[in-house]
Amino acid sequence: MWLYEKKLEYPVRVGKKDLKMAKYILTQFGGPNGELSAAIRYLSQRYSMPTGRAKGVLTDIGTEELAHWEMIATMIYKLTKGATPEEIRRADLGSTYAIWDKGIFPSDSNGVPWTSAYINTMGDPIADLHEDMAAEQKARATYENLINLTDDVDLQDALKFLREREVVHFQRFGETLDHLQGYMNGKKYF
Amino acid sequence: MDQLGLKLLREVQELEFALIELNLYLDTHPDDEAALSTFNKLSTRYAEVRRAYEEQVGPLVNYGHSGPVREPWRWIEEPWPWEIEY
Ligand SMILES: [Fe+2]
């Protein structure tokens with residue numbers, strides 16, 4: 001069961017309309033290292049975890065990723081708010097507008113649709129946790145790229161928040177990996 | 001949303017953020033008593049601030065988790081989270 005909380009995890013502000021930046025950020029909505037990939041990855045992997053602790057970490061981080069997914073959509077919504085077809089054409093985003101209007105479709109910045117091929121559920125807890133740690137680093141790097149692409153300090157503030165969360169998630173997954181390795185070694189020898 | 005609503009929302013976000021952090025930390029450090037006691041302290045405060053926010057703005061959580069509500073049904077009131085200007 002999931003509940004919806006009618007609020008963002010962290011306030012999203014934007015300083016100005018910026019259609020190009022909205023398109024760059026779209027990759028964190030439906031791209032390979034985006035928040036949708038993260039949520040679906042962790043929430044799918046939890047069923048084959050052997051310990052309560054690992055199930056808990058994947059449930060809690062997977063749920064937080066959904067909150068980040070909503071923050072990303074909010075950035076795109078605000079960056080494109082009030083844009084006219086003429087402005088969209090001048091920002092060279094006519095092809096996006098022709099297909100999706102101003103709908104926020106889960107794709108990467110180039111319009112490639114989201115696919116579960118971006119994630120894996122190996123059923124092997126050690127392999128899955130390694131994937132998760134790598135995914136957090138890839139997401140961190142993506143946020144750094146996005147921060148470099150804008151001089152909007154309000155937008156940067158929310159992007160920096162999300163970048164920090166990836167660092168924390170990486171840390172928690174690392175601790176979970178240690179715990180799982182200990183658990184599995186213990187099982188083997190005792 | 002009015003100024004008081006925004007101020008309370010900010011407090012809700014701050015407290016919940018601290019609780020998210022502590023929750024994830026406790027997942028991997030379940031025996032840390034100091035963290036658990038901070039979690040409990042903040043969780044009590046969180047319930048109070050949520051109540052104040054919901055009184056001012058409307059329910060935060062769907063499916064009855066925000067407790068009994070008065071008329072009218074405020075859940076569907078705008079702004080939705082992505083529409084809020086901070
Ligand atoms: Fe993450």
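These numbers were taken from a predicted model, which means no experiment stands behind them.

Novice: Where do I start with the packing of aromatic side chains in this structure?
Specialist: For any pair of aromatic rings, the description consists of the separation of the ring centres together with the inter-plane angle of the planes. A complete count under the given rule lists nine aromatic pairs over all chains for this structure. Across from the ring centre of tryptophan 75 of chain B, 5.3 Å away, lies the NZ or CZ of lysine 6 of chain A, which sits over that ring. A cation over a ring is seen here: lysine 6 of chain A above tryptophan 80 of chain B, with NZ or CZ 4.3 Å from the ring centre.

Novice: Would you mind showing me how to read the coordination of the iron ion here?
Specialist: Each donor-metal-donor angle in an ideal tetrahedron of four donors is 109.5 degrees, and each such angle in an ideal octahedron of six donors is either 90 or 180 degrees. Residue and element names in this part refer to chain A. Those protein atoms acting as donors to the iron ion are Glu65 (OE), Glu136 (OE), Glu136 (OE), Glu166 (OE) and His169 (ND1), and they sit at 2.1 to 2.6 Å. All donor residues of the iron ion come from one chain, and their arrangement in sequence is E-x70-E-x29-E-x2-H. Here glutamate 65 is found in helix 4 (residues 52-80), whereas its partner glutamate 136 is found in helix 7 (residues 125-148), with 71 residues between them in sequence. Across this residue pair, the class does not change: glutamate 65 and glutamate 136 are buried.

Novice: Is there a simple way to think about the layout of surface pockets in this case?
Specialist: To find leftover empty space, a probe the size of one water molecule is rolled over the atoms. Taken as a whole, the largest pocket spans an internal volume of roughly 1100 Å³. Along its surface, the largest pocket is lined by 34 residues, and Leu3, Glu5 and Thr63 of chain A together with Glu16 and Ile20 of chain B are the ones closest to its centre. Breaking the lining of the largest pocket down by element, the ones donating at least two residues are helix 4 of chain A together with helix 1 (3-28) and helix 2 (33-56) of chain B. Per-element accounting of the lining of the largest pocket gives the leading share, ten residues, to helix 4 of chain A. When grouped by side-chain class, the residues that make up the lining of the largest pocket number 18 nonpolar, six polar and ten charged. Of the voids in this model, the second largest pocket is the one considered here, and its volume is about 270 Å³. Lining the second largest pocket are Arg51, Glu54, Glu55, Gly58, Pro59, Ser66, Pro68, Val69, Arg70, Glu71, Pro72 and Arg74 of chain B. Split by residue class, the lining of the second largest pocket holds four nonpolar, two polar and six charged.

Novice: Is there a simple way to think about the packing of helix 1 of chain B against helix 2 of chain B in this case?
Specialist: Any two packed helices are characterised by how steeply their axes cross, that is the angle between the axes, and by the distance between the axes. Residues and elements named next belong to chain B. Close contact between helix 1 and helix 2 brings their axes to 9 Å; oriented N to C, the two are set at 155°. Here helix 1 is positioned roughly antiparallel relative to helix 2, judged by the angle of their axes. Considering only the axes of helix 1 and helix 2, their crossing is left-handed. When the residues that make up the contact of helix 1 with helix 2 are grouped by side-chain class, the tally is 18 nonpolar, five polar and four charged.

Novice: Looking at this model, I keep getting lost on the nonpolar core. Mind explaining?
Specialist: Across soluble globular proteins, you tend to see nonpolar side chains buried next to one another. The biggest cluster of nonpolar side chains holds 22 residues, and the ones touching the most others in it are Ile25, Ile72, Met75 and Leu159 of chain A. Contributions of two or more residues to this core are made by helix 1 (19-25), helix 4, helix 7 and helix 8 (153-189) of chain A. Examining the composition of this core, we find that six residues originate from one element, helix 4 of chain A, more than from any other. Discounting chain neighbours no more than four positions away, the residues touching methionine 75 of chain A are Val12, Val14, Ile25, Leu155, Ala158, Leu159 and Leu162 of chain A. Core analysis: the second largest hydrophobic core is formed by 16 residues, Tyr42, Val57 and Ile126 of chain A together with Leu24 of chain B among them.

Cut-offs used in this document
- Residues numbered from 1 in each chain as written.
- Chains lettered and ligands numbered in written order.
- Predicted model: local features only at pLDDT ≥ 70, side-chain atom pairs only at ≥ 80, totals over all residues.
- Heavy atoms only, no water.
- Phe/Tyr/Trp six-rings, centres within 6.5 Å; stacked < 30°, edge-to-face > 60°.
- Lys NZ or Arg CZ within 6 Å of the ring centre and 35° of its normal.
- Donors = N, O, S within 2.8 Å, 3.2 Å for Na, K, Ca; no water.
- Helix = DSSP H or I, 4+ residues; strand = E, 2+ residues; numbered from the N terminus.
- Buried < 20%, exposed > 50% of the residue type's maximum accessible area, 1.4 Å probe, protein only.
- 1 Å grid on protein atoms, 1.4 Å probe; cavity = no way out; pocket = protein on both sides within 12 Å on 5 of 7 lines; lining within 4 Å.
- Points joined across faces, edges and corners; volume = space filled by probe spheres on them.
- Nonpolar A, V, L, I, M, F, W, Y, C, P; charged D, E, K, R; others polar.
- Axes fitted to C-alpha atoms, helices over the stretch in contact; angles between N-to-C directions.
- Parallel < 35°, antiparallel > 145°, perpendicular 65-115°, else oblique.
- Left-handed = near helix turned anticlockwise from the far one by under 90°.
- Core = buried A, V, L, I, M, F, W, Y, C linked by side-chain atoms within 4.5 Å.
- Contact = heavy atoms within 4.5 Å.

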